[in-house]
Amino acid sequence: MRLRIFAVFLLVLSSAPSFAAIEPIVIDVYSYNSDDYLRVKIEPEFAADMLMGEPLIACRAKWSIQSARIDGEGYPLSYFPKDALKKTRLFSLQLIFQIGQGGRTAISCDPGYLDAPGSNEWSFTVTGSPAWQKLIRNDIKNTFTNSLQSQFNLRDVRSPSYLDADSAKKTYHQAVIQASALERSWLRWAAVEKGEVNLWPLKRFILERRLADREKIAEKRSAAAKVVAVNDIDSLFSDAAFDAQLKQVNKSIDDRSALTEIRRDIENGDEQSKNKNGRLVRQYLLATRNSEACIEKMPAKLKTLLVRTQECHAKWQGLERFEQHGRYGYKLDGDVVIEAQYSEATRFKDGYALVEKNDRLLSITPTGDEHNRLYGIKLESSHFSPQGLILASEDDLYGFINSKGETVIEFQYSAAEPFDDLDRAIVKKYRGAQLIDENGTVLARSPISFSFKDGHYISRESYDHEDGNCDDGDLISGSTQAYTADGKKVGGLEHFSYRRKKLCLLRSR
């Protein structure tokens, strides 16, 4: 078996990956749901190859801060201390790389977990092998003509358009694999599709300075405040004395109110930043989890990353599931490498497969060795999503695990469907239904249920059933709302009403 796998290595590694030089990107990246943004410079790298007839891509990036705009004011980089800058983060970054000469086709790539701004360390990236029908975008237009103004609007949700599988294969071979890496012309430009910054450390520094300034003003006003001197009891209650005292009181109240508001803003900002950093940690854990199956240590060069990924994937990419007498096993090039012994079995994904043996769910390696034993968890699907998630259940609740048997999306749903071709899943939790992505993020909610039709997710917003007679039938009415795969509403509410025939049994006389 080892000799057969080694032979696959030689076949896979016979071609060299394609590389090209890329100009840096300068772009404004906004904070979530805010007008605050950072102007950043992103230095990307991209590499592409083939693995057993499938595309294999990898990209990584470094980034630095050029300037900031917070609360409508512009700030140069030199305004902020180094420790605040190091805590600022860029995450959920997605890059697109224009290929060929047409100017309208590009490959989307996630550079992974990015280090602090200004760091010389490249992002923690994982080689990907997307499906052909989700490889090459054909809706780029003039995105690459200007480095800043013409980037995609990062605050708008977009539904990308892709070439079909056959067109993508042809374009990829011509524009990437067959292109000369020496000319470095096959990759035209890079741009940012989406991204978000957590610039709270910079905003916190601004608020702290503002708070210190207001505290100094309040102290000066308090020290300057003088008690109105009076010589007799009548003067104490004069209009002038009363107005002077009232003015001092109002200033003191205003100062305390302003200080309280700034302190409250800092407290709320700390909590929001903590939540954002939680997303950043989950992104890092996802990147490391995806890399563990094939790469134990991050290679220094992108080319090395691609080669190591090829070596690793070759161990399990060619393994095919087969059935014999109601049991499942695995073959490589037609030869049995893992005997048929499992009552259920998935294909291999990221170096592991999930199998069921003696009513116990296991995660196994390409050699058939047991990697992980799962207790009380049952598979509810046999297909992995692009990120390697599969529907499972535990104690009558549904969630998603990966091929290593690790729980990625907690068991929390009363009902759930597997991820579809758009990388979306419909789940139910408490009342109504939710549309989620592979990170478990809720993209849209329905008070009743979701269904998929004509490329959109249809939410049933209301439903009414009026019992009718045998002649007219029951009256069914309600309303629906359509959503894109990104959770964006399409149009308004659609109302429906129809009669449903009623089955009536006539009693004979």
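Further up the page is the structure itself.
Not measured: the values here are computed from a predicted model.

S.K.: What exactly am I supposed to notice about the overall build of the protein here?
M.R.: What the protein contains, in helices and strands, is seven helices and 28 strands. For the protein, the proportion of its 509 residues judged to be buried stands at 42%. Across the protein, every contact between residues at least 6 apart in sequence was considered, and the portion connecting residues at least 24 apart equals 56%. Accessible area of the protein: about 28700 Å², with a carbon and sulfur share of 46%.

S.K.: Looking at this structure, how should I read unusual backbone geometry?
M.R.: One non-glycine residue with positive phi stands out, namely Asp396, at about 65 degrees. Even without a glycine there, the phi angle at Tyr430 is positive, about 60 degrees. Structurally, Tyr430 is set in the loop between strand 22 (425-428) and strand 23 (433-436).

S.K.: Looking at this model, I keep getting lost on the pattern of salt bridges. Mind explaining?
M.R.: Opposite charge on two side chains permits pairing when their charged atoms draw close. Evaluated as defined, the whole model comprises nine salt bridges. In this structure, the salt-bridge partner of Lys134 is Asp423, at a minimum N-O distance of 3.3 Å. Pair noted here: Lys134 is in the loop between strand 7 (106-109) and strand 8 (136-137) and Asp423 is in the loop between strand 21 (415-416) and strand 22, with a separation of 289 residues, a long-range link. Here Lys134 falls in the partly exposed class, since its relative accessible area comes to 24%. Judged by its relative accessible area of 16%, Asp423 falls in the buried class. Sharing partners across several salt bridges, the network here consists of Asp36, Asp71 and Lys203.

S.K.: How do you make sense of the packing of aromatic side chains when you look at a structure like this?
M.R.: Each pair of aromatic rings is reported with the distance of its centres and the angle of its planes. Evaluated as defined, the whole model comprises 13 aromatic pairs. Arranged with centres 6.2 Å apart and planes meeting at 65 degrees, the rings of Phe80 and Phe205 form a pair that is edge-to-face. Of this pair, Phe80 sits in the loop between strand 5 (73-76) and helix 2 (82-87) while Phe205 is found in helix 4 (residues 200-224), placing the two residues 125 residues apart along the sequence. Here the two residues Phe80 and Phe205 agree in accessibility, since each one is buried. Taken together, the ring pairs connect Tyr75, Tyr79, Phe80 and Phe205 into an aromatic cluster. Residue placement shows Lys331 over the ring face of Phe322; its charged tip is 4.8 Å from the ring centre.

S.K.: Looking at this structure, I do not really get the sheet that holds strand 14 (residues 353-357). What am I missing?
M.R.: Strands in a sheet are paired, the pairing made by backbone hydrogen bonds, and the direction either parallel or antiparallel. On the basis of which strands lie adjacent, the open sheet formed by four strands has the order 13-14-15-16 and antiparallel pairing. One side of each edge strand has no neighbouring strand; the edge strands of this open sheet are strand 13 (344-345) and strand 16 (370-374). Where strand 13 and strand 14 come together, two bridges link them in antiparallel fashion. Within strand 14, the position partnered with Glu344 by the bridge is Glu356.

S.K.: It is not clear to me how the environment of Glu406 should be interpreted in this structure. Could you clarify?
M.R.: Position of Glu406 relative to the elements: it lies in the loop between strand 19 (397-401) and strand 20 (407-413). Along the primary structure Glu406 and Asn372 are separated by 34 residues, whereas in three dimensions their C-alpha atoms are 8.8 Å apart.

S.K.: How should the state of the cysteines be read in this particular structure?
M.R.: Throughout this description, disulfide means a covalent bond between two cysteine sulfur atoms. All told, the structure shown has one disulfide when counted by the stated rule. Bridging Cys59 to Cys109, the disulfide has an S-S length of 2.2 Å. Judged by the sign of its S-S torsion, about -105 degrees, the cystine formed by Cys59 and Cys109 is left-handed. Note that Cys59 is positioned in strand 4 (residues 54-70) and Cys109 in strand 7, a separation of 50 residues in sequence. The pair formed by Cys59 and Cys109 is uniform in burial state, with each residue classed as buried.

S.K.: For this particular structure, what's the right way to read the sheet that holds strand 25 (residues 449-453)?
M.R.: Overall, antiparallel pairing links the four strands, which are arranged 25-26-27-28 in an open sheet. The open sheet is flanked by strand 25 and strand 28 (489-500), the only strands paired with a single partner. On average, adjacent strands in this sheet sit at an angle of 30 degrees to one another, irrespective of strand direction. The sheet contact formed by strand 26 (residues 456-466) and strand 27 (residues 474-483) spans nine bridges and is antiparallel.

S.K.: How do you make sense of the nonpolar core when you look at a structure like this?
M.R.: In a soluble, globular protein the nonpolar side chains are often hidden away together inside. Judged by nonpolar contacts, the single largest core of 46 residues is most densely connected at Leu38, Ile42, Phe46, Phe80, Phe97, Ile107 and Tyr172. The element best represented in this core is strand 4, accounting for seven residues. Residue contacts for Ile42: discarding those within four places in its chain leaves Pro24, Ile25, Ile27, Ala61, Lys62, Trp63, Leu90, Leu93 and Val192. Grouped together as the second largest cluster of nonpolar side chains are 13 residues, Leu319, Val337, Ile338 and Ala353 included.

S.K.: Before we go on, may I ask you to explain the pairing of strand 18 (residues 390-394) in this structure?
M.R.: If a strand is regular, its side chains alternate between the two faces of the sheet. Most of strand 18 sits out of view: four of its five residues are buried. In terms of strand pairing, strand 17 (residues 377-379) meets strand 18 through three bridges, oriented antiparallel. Within strand 18, the residue paired with Ile377 across the bridge is Glu394. Across five bridges, strand 18 lies against strand 19 in antiparallel orientation. Note that in strand 19 the partner of Ala392 across the bridge is Gly399. Taking the residues between adjacent antiparallel strands as the criterion, strand 18 and strand 19 are bridged by two residues, where Asp395 takes a positive phi near 55 degrees.

S.K.: Even after reading the chapter, I still don't get the pairing of strand 22, so can you show me in this structure?
M.R.: Where strand 21 lies against strand 22, two bridges are found, and the strand directions are antiparallel. When the sheet's bridge partners are listed, Ala416 is paired in strand 22 with Val427. A loop of four residues connects strand 22 with strand 23, the two strands running antiparallel in sequence, and Tyr430 in this loop sits at a positive phi of about 60 degrees.

S.K.: Please clarify how the environment of Gly351 should be interpreted in this entry.
M.R.: With respect to the secondary-structure elements, Gly351 resides in the loop between strand 13 and strand 14. For the pair Gly351 and Pro366, spaced 15 residues apart in sequence, the C-alpha to C-alpha distance is 6.9 Å.

S.K.: What's the story with the side chain of Ser64 in this structure? I'm lost.
M.R.: Tracing the sequence through the fold places Ser64 in strand 4. A polar contact is formed between the side chain of Ser64 and the side chain of Gln66, at a distance of 3.5 Å. In this structure Ser64 touches Arg39, Val40, Lys41, Pro117 and Gly118, once residues within four positions along its chain are discounted.

Definitions and cut-offs
Residues numbered from 1 in each chain as written. Predicted model: local features only at pLDDT ≥ 70, side-chain atom pairs only at ≥ 80, totals over all residues. Heavy atoms only, no water. Helix = DSSP H or I, 4+ residues; strand = E, 2+ residues; numbered from the N terminus. Buried < 20%, exposed > 50% of the residue type's maximum accessible area, 1.4 Å probe, protein only. Contact = heavy atoms within 4.5 Å. Areas by Shrake-Rupley, 256 points an atom, 1.4 Å probe, with all protein chains shown as cover. Salt bridge = Lys/Arg side-chain N within 4 Å of Asp/Glu carboxyl O. Phe/Tyr/Trp six-rings, centres within 6.5 Å; stacked < 30°, edge-to-face > 60°. Lys NZ or Arg CZ within 6 Å of the ring centre and 35° of its normal. Pairing = 2+ DSSP bridges. Disulfide = S-S within 2.5 Å. Axes fitted to C-alpha atoms, helices over the stretch in contact; angles between N-to-C directions. Core = buried A, V, L, I, M, F, W, Y, C linked by side-chain atoms within 4.5 Å. Polar contact = N/O pair within 3.5 Å; in protein donor to acceptor, adjacent residues only side chain to side chain.

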